[in-house]
Amino acid sequence: MTTAQTQELDVQPTPLALLLLGREADPRSERGVECPGDLPSASDPDLVARARAAKEKLGDKVFVLGHHYQRDEVIQFADVTGDSFKLARDAAARPEAEYIVFCGVHFMAESADILTSDDQKVVLPDLAAGCSMADMATAEQVAECWDVLTEAGIAEQVVPVSYMNSSADIKAFTGKHGGTICTSSNAKRALDWAFEQGEKVLFLPDQHLGRNTAVRDMGMSLEDCVLYNPHKPNGGLTVEELRAAKMILWRGHCSVHGRFSLDSVNDVRERIPGVNVLVHPECKHEVVAAADYVGSTEYIIKALEAAPAGSKWAIGTELNLVRRLANRFAAEDKEIVFLDKTVCFCSTMNRIDLPHLVWTLESLAEGTLVNRIEVDKETEAFAKLALERMLALP
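The following paragraphs examine the structure supplied in this document. (Residues numbered from 1 in each chain as written. Predicted model: local features only at pLDDT ≥ 70, side-chain atom pairs only at ≥ 80, totals over all residues. Heavy atoms only, no water.)

### Describing the packing of helix H9 (residues 168–176) against helix H18 (residues 377–391)
No. 1: The contact between H9 and H18 brings their axes to 7 Å, and the two run at 70°. The angle between H9 and H18 places the two elements in the roughly perpendicular class. Classified by chirality, the crossing of H18 by H9 is left-handed. Residues Ala 168, Asp 169, Lys 171, Ala 172, Thr 174, Gly 175 and Lys 176 of H9 form the contact with H18, whose own contacting residues are Thr 379, Phe 382, Ala 383, Leu 385, Ala 386 and Arg 389.
No. 2: Grouping the amino acids of the contact of H9 with H18 by side-chain chemistry returns six nonpolar, three polar and four charged. (Axes fitted to C-alpha atoms, helices over the stretch in contact; angles between N-to-C directions. Helix = DSSP H or I, 4+ residues; strand = E, 2+ residues; numbered from the N terminus. Parallel < 35°, antiparallel > 145°, perpendicular 65-115°, else oblique. Left-handed = near helix turned anticlockwise from the far one by under 90°. Contact = heavy atoms within 4.5 Å. Nonpolar A, V, L, I, M, F, W, Y, C, P; charged D, E, K, R; others polar.)

Okay, structure coming up:
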């Protein structure tokens, strides 16, 4: 359609269309922010030495956190490694560190800022390291969803449960409306708690973790779950469907874990007889149902640590972690392969590379604060309330 035809029809581009066309910016989005300053070249042979020197100069003033999905070149400089919530708690347990350098993605750094003291400064080496899943639920969309639930007459029965992989705004919404946060490790405990508070759960933003936990771990049926699509009027659901549902699942997913399919499982079983299939609960329901074991990144690591020598494993999670585990346990004759034939890194997590880390550490060592992640006080208060409810779970 030509511009003239568009004008003739009086068609106005939506904010989303402008964003996709690159003509507008979304200040609340986790993506698309440029880092100031000049990064060292990725081919600089002295990057490792420079990172070590800057970290040594900073001493106890800096605490570097490395998520399991980070590349090895970054993980080598992490003081601790773990999943997003473990790292945020580790940061809070180091009050003497003036700078918390979070090698992860934006929502993780936000959580660290919420849980650390006002004197500590949380830094993200690349501000464009966002999370596609977290981006799938904006504050405006969730507020509109709550209006839909209110109009359907069920909002008072609904308790929001938000996955850790969500923005501070969504965590604040959750806290404000009496809900809690969950991780992939404690999702069942969080849902058990929520159903003690109300009759229904609005699960944000990962549909697969919500569905898998409800059906696989809590004995619900797939019919107990409905999928709320924020891009459709009323979420694409009727009032009757909303009233009948126990689990209202947000239409969000992890771009990495969503790639794994039932074909991936069947193919690896044919290629490697006797293989154990171990997947993350962010995978699709049919993949989880076909797997031998299901669990968080921490669960995956512990399962492989306890696995007998000579055992064979196909892992359905991010490739950096799978490769690291394969190398770690090769000496114990444990065969560990990536579940899918297609190589798939978390593209946003991989934005944190050695040049960004070197630039960050050298800037801090020179007394220049860069890329600080700071959650506003009102958002922080309600988000912290939701996080504290999770910490209080039995």
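### Here's the deal with the pattern of salt bridges
No. 1: For the coordinates displayed, the defined rule picks out 19 salt bridges.
No. 2: Taken together, the shared-partner salt bridges in this structure form one network comprising Asp 44, Arg 50 and Glu 362. (Salt bridge = Lys/Arg side-chain N within 4 Å of Asp/Glu carboxyl O.)

### Thoughts on the sheet that holds strand E1 (residues 62–67)
No. 1: The strand order across the open sheet formed by five strands is E2-E1-E3-E4-E14, and the pairing between neighbours is mixed. In the strand order of this sheet, the two ends are held by strand E2 (80–82) and strand E14 (372–373), each with one partner.
No. 2: Where strand E4 (residues 121–123) and E14 come together, two bridges link them in antiparallel fashion. Directly across from Val 122, in E14, lies its bridge partner Ile 373. (Pairing = 2+ DSSP bridges.)

### Regarding the environment of Val 279
No. 1: Summarising the element assignment, Val 279 is placed in strand E10 (residues 276–279).
No. 2: Separated by 175 residues in the primary sequence, Val 279 and Gly 104 place their C-alpha atoms 21 Å from one another.
No. 3: In this structure, Val 279 is in contact with Val 287, Val 288, Ala 291, Tyr 293, Val 294, Gly 295, Gly 316 and Leu 339, ignoring residues within four places of it in sequence.

### Describing the side chain of Asn 350
No. 1: Along the polypeptide, Asn 350 turns up in the loop between strand E13 (335–338) and helix H17 (354–365).
No. 2: Exposure remark for Asn 350: the relative accessible area of 14% places this residue in the buried category.
No. 3: Ignoring any residue separated from it by four or fewer positions in sequence, one finds Asn 350 in contact with Tyr 69, Arg 71, Glu 318, Asn 320 and Phe 345. (Buried < 20%, exposed > 50% of the residue type's maximum accessible area, 1.4 Å probe, protein only.)

### Thoughts on the pairing of E1
The side chains of a regular strand alternate between the sheet's two faces.
No. 1: Burial within E1 is extensive, with six of its six residues counted as buried.
No. 2: By the alternation rule, side chains of E1 split into Val 62, Val 64 and Gly 66 and Phe 63, Leu 65 and His 67, which are all buried.
No. 3: One ladder, built from five bridges, connects E1 with strand E3 (residues 99–103); its direction is parallel. Bridging from a neighbouring strand, Leu 65 pairs with Phe 102 of E3.
No. 4: With three bridges connecting them, E1 and E2 associate as parallel partners. Paired with Gly 66 across the bridge in E2 is Thr 81.

### Considerations on the pairing of E10
No. 1: Residues of E10 alternate between two faces, with Asn 276 and Leu 278 on one and Val 277 and Val 279 on the opposite face, all of them buried.
No. 2: Relative to strand E12 (residues 312–316), E10 is paired through four bridges, and the arrangement is parallel. Paired with Asn 276 across the two strands is Trp 313, which belongs to E12.
No. 3: Of the pairings in the sheet, the one linking E10 to strand E11 (residues 293–294) comprises two bridges and is parallel in character.

### Let's talk about the packing of aromatic side chains
No. 1: Applying the stated criterion across every chain yields a total of four aromatic pairs.
No. 2: Residues Tyr 293 and Trp 313 carry aromatic rings whose centres are separated by 5.5 Å and whose planes lie at 40° to one another, so their mutual orientation is tilted. Here Trp 313 lies in strand E12 and Tyr 293 lies in strand E11, a separation of 20 residues in the sequence. (Phe/Tyr/Trp six-rings, centres within 6.5 Å; stacked < 30°, edge-to-face > 60°.)

### Section: helix H15 (residues 297–306)
No. 1: All of the buried residues in H15 are Thr 297, Glu 298, Ile 300, Ile 301, Ala 303 and Leu 304.
No. 2: Packing partners of the buried residues in H15 comprise E2, helix H5 (84–92), E10, E12, helix H16 (319–329) and E13.

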